[in-house]
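The chain contents come next:
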Amino acid sequence: MSVATGARPVRPWQPLLRPRRMLVHAVLLVGGFFWIYPFLWAVGSSLKSQAGFIDEGLNLIPRELNWRNYLDAWTGASFSTYFLNSVIITACTVALTLLLTSMAGYALARTSFPGKRAFLILTVITLFLPRGYTIVPVYDLITRLHLLNTLWSVVVVQVAGGMVFNTFLFMGYFITIARELDEAARVDGAGFNGIYWHIMLPLARPMIATLGLFAFISSWNDFFTPLVFTLGQPQLRTLPVGLYAFVSQTSTNWTALAAGSFITLAPIAVVFVLAQRHIIDAVAGAVKG
């Protein structure tokens with residue numbers, strides 16, 4: 001008598017896994033709720049009145065929706081100016097970072113020169129230098145370049161701060177690409193620069209999306225650099241610096257502050273949703289490789 005091989009045997013301990021799995025999921029859901037609760041409370045508080053902010057306490061859903069808080073933050077607290085400054089700085093930083101680091105990473109991956117190993121080692125060492133130790137010479141350099149109290153000072157410092165790490169990531173990515181593609185392109189008449197623009201850069205789209213997102217988050221949330229290099233010009237503040245300046249020692253409009261916080265966080269969420277497919281492709285490619 002033949003035994004069917006299509007059905008999988010039921011082991012005696014398998015029914016015990018379901019309650020255990022449900023328990024794990026329940027614990028994760030509770031932990032996730034407490035993790036996201038501050039964000040939900042801030043969103044709800046941004047729609048409360050001043051009296052409701054105090055009376056309703058930790059309630060997530062306000063009794064009455066007060067959309068005027070966003071108008072007060074956008075116009076009365078100059079968040080429209082801060083938002084524009086953040087957009088300009090972040091856009092320039094992301095574009096220049098991706099362009100310069102991808103070019104440097106391609107050059108390091110595809111060329112060899114005397115002292116390359118020593119150069120790479122010395123470059124890696126700079127990653128471990130504390131940021132506070134380098135701010136004084138950087139400030140002096142920006143002053144000598146006559147960029148202090150301008151948006152370009154923030155852009156230059158942020159781009160320089162991400163050069164080393166992103167360059168090494170691009171270099172590692174380009175090394176994994178087969179050199180046969182370079183040889184085939186040279187046969188067709190493409191030069192070193194042409195291979196970069198027409199072959200390497202299109203193949204690096206997942207890496208560009210991933211590093212672009214990280215550069216966007218880093219630049220958008222940066223507080224220290226805009227604070228130091230635009231301290232003399234309040235109209236050049238970015239959103240994080242503007243949020244800090246919005247808190248007064250005497251009285252603070254907490255509902256408008258919560259609205260400003262949501263204005264600051266919303267672009268990050270939108271960009272992440274738009275770029276998540278490329279990020280997943282990059283991570284999957286790294287794991288597969």
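Because the structure is a prediction, the values reported are computed rather than measured.

**Student:** For this particular structure, what's the right way to read a nonpolar patch on the surface?
**Tutor:** Together, Val30, Phe33, Phe34, Trp35, Ile36, Phe39, Leu40, Phe262 and Leu265 make up an exposed nonpolar region whose accessible area comes to about 920 Å². Going through the elements one at a time, helix H1 (17-45) and helix H14 (254-288) are the ones with two or more residues in the nonpolar patch. Here the element with the most residues in the nonpolar patch is H1; it accounts for seven residues. Along the chain, the position of Ile36 falls in helix H1. Residue class for Ile36 comes out partly exposed when judged on its relative accessible area of 38%.

**Student:** Would you mind showing me how to read the layout of surface pockets here?
**Tutor:** To find the voids left in a structure, one rolls a probe of water-molecule size over its atoms. Its volume calculated, the largest pocket comes out at about 860 Å³. Val157, Gln158, Ala160, Gly161 and Gly162 are the residues nearest the centre of the largest pocket, which is lined by 31 residues in total. For the lining of the largest pocket, the elements supplying multiple residues, two or more each, are helix H4 (79-110), helix H6 (131-144), helix H7 (151-161), helix H8 (163-175), helix H11 (205-221) and helix H12 (224-229). Considered class by class, the residues forming the lining of the largest pocket number 18 nonpolar, eleven polar and two charged.

**Student:** How should the nonpolar core be read in this particular structure?
**Tutor:** Generally speaking, a soluble globular protein has its nonpolar side chains buried in company with each other. Within the largest apolar cluster, 33 residues are counted, with the highest numbers of intra-cluster contacts made by Phe79, Tyr106, Phe170, Phe174 and Met200. Looking at this core, the elements that each hand over two or more residues are helix H3 (68-76), H4, H8, helix H10 (192-203), H11, helix H13 (239-246) and H14. The element best represented in this core is H4, accounting for seven residues. If sequence neighbours within four positions are ignored, Tyr106 has contacts with Phe174, Phe192, Ile195, Tyr196 and Met200. In this structure, Ile89, Ile142, Val154 and Leu236 belong to the second largest nonpolar core, which totals ten residues.

**Student:** Just checking my understanding: could you explain the pattern of salt bridges for this structure?
**Tutor:** Two side chains that carry opposite charge are able to pair once their charged atoms sit near each other. Taken as a whole and assessed by the stated rule, the structure comprises three salt bridges. The partner of Arg68 in a salt bridge is Asp72, with the nearest N and O atoms 3.7 Å apart. You can see Arg68 and its partner Asp72 sitting in helix H3, four residues apart, about one turn around the helix. Of the charged contacts, one joins Asp140 and Arg144 as a salt bridge, the two residues approaching to 2.9 Å between their closest N and O atoms. One end of the pair, Asp140, and the other, Arg144, are both in helix H6, four residues apart, so they sit about a helical turn from each other. Among the residues examined, Arg144 registers a relative accessible area of 60% and is labelled exposed.

**Student:** Which parts of the structure should I look at to understand H7?
**Tutor:** Quick reminder: α-helices carry 3.6 residues per turn. Residues three or four places apart thus point the same way. Among the residues of H7, those classed as buried are Leu151, Ser153, Val154, Val155, Val157, Gln158 and Val159. Where H7 is buried, its residues touch H4, H6, H8, H11 and H12.

**Student:** Whenever I open this one, the packing of H4 against H11 confuses me. Can you help?
**Tutor:** When two helices pack together, you describe them by how their axes are tilted relative to each other and by the distance separating the axes. Where H4 contacts H11, the axes come no closer than 9 Å and their chain directions differ by 145°. Crossing hand, H4 versus H11: right-handed. On the side of H4, the interface is formed by Phe83, Ser86, Val87, Ile89, Thr90, Thr93, Val94 and Leu98, while H11 contributes Ile208, Leu211, Gly212, Ala215, Phe216, Ser219 and Trp220. Here the residues of the contact of H4 with H11 are counted per class, giving ten nonpolar, five polar and no charged.

What counts, and at which threshold
- Each chain carries its own residue numbering, running from 1 in the written order of its sequence.
- The predicted origin of the model limits local features to residues at a pLDDT of at least 70 and limits the giving and counting of side-chain atom pairs to 80 or more, whereas totals for whole chains, interfaces and linings rest on all residues.
- Side-chain calculation: all heavy atoms of the structure are included, whereas hydrogens and water are not.
- Surface patches are defined over residues having more than 30% relative accessible area and no salt bridge, joining like charges when they lie within 9 Å and nonpolar side chains (Val, Leu, Ile, Met, Phe, Trp, Tyr) when within 5 Å.
- The Shrake-Rupley method, run with a 1.4 Å probe sphere, supplies the accessible areas, and residue values consider only the shown protein chains as cover.
- By definition here, a salt bridge exists when the distance from a side-chain nitrogen of Lys or Arg to a carboxyl oxygen of Asp or Glu is within 4 Å.
- By definition, any uninterrupted DSSP run of H or I lasting at least four residues is a helix, any uninterrupted run of E lasting at least two residues is a strand, and each is numbered from the N terminus.
- Buried means the residue's accessible area, taken with a 1.4 Å probe over protein chains only, is under 20% of the maximum for its type, while exposed means over 50%, and partly exposed covers the values in between.
- Grid points spaced at 1 Å over the protein atoms alone were grouped into cavities, where a 1.4 Å probe fits but cannot get out, and pockets, open sets with protein on both sides within 12 Å along at least five of seven lines, with lining residues defined by an atom within 4 Å of a point.
- Grid points are joined across faces, edges and corners, and a volume is the space filled by probe spheres set on the points.
- By the convention adopted, Pro, Cys, Tyr, Trp, Phe, Met, Ile, Leu, Val and Ala count as nonpolar, Lys, Arg, Asp and Glu as charged, and the other residues, Gly among them, as polar.
- In these notes, a set of buried Ala, Val, Leu, Ile, Met, Phe, Trp, Tyr and Cys residues joined through side-chain atoms within 4.5 Å is what counts as a nonpolar core.
- We call two residues in contact whenever any of their non-hydrogen atoms come within 4.5 Å of each other.
- Working convention: axes come from line fits to C-alpha atoms, limited for helices to the stretch in contact. Angles between N-to-C directions cover 0 to 180 degrees.
- Crossings are sorted by hand: turned counterclockwise from the far helix by less than a right angle, the near helix makes the crossing left-handed, and turned clockwise it makes it right-handed.

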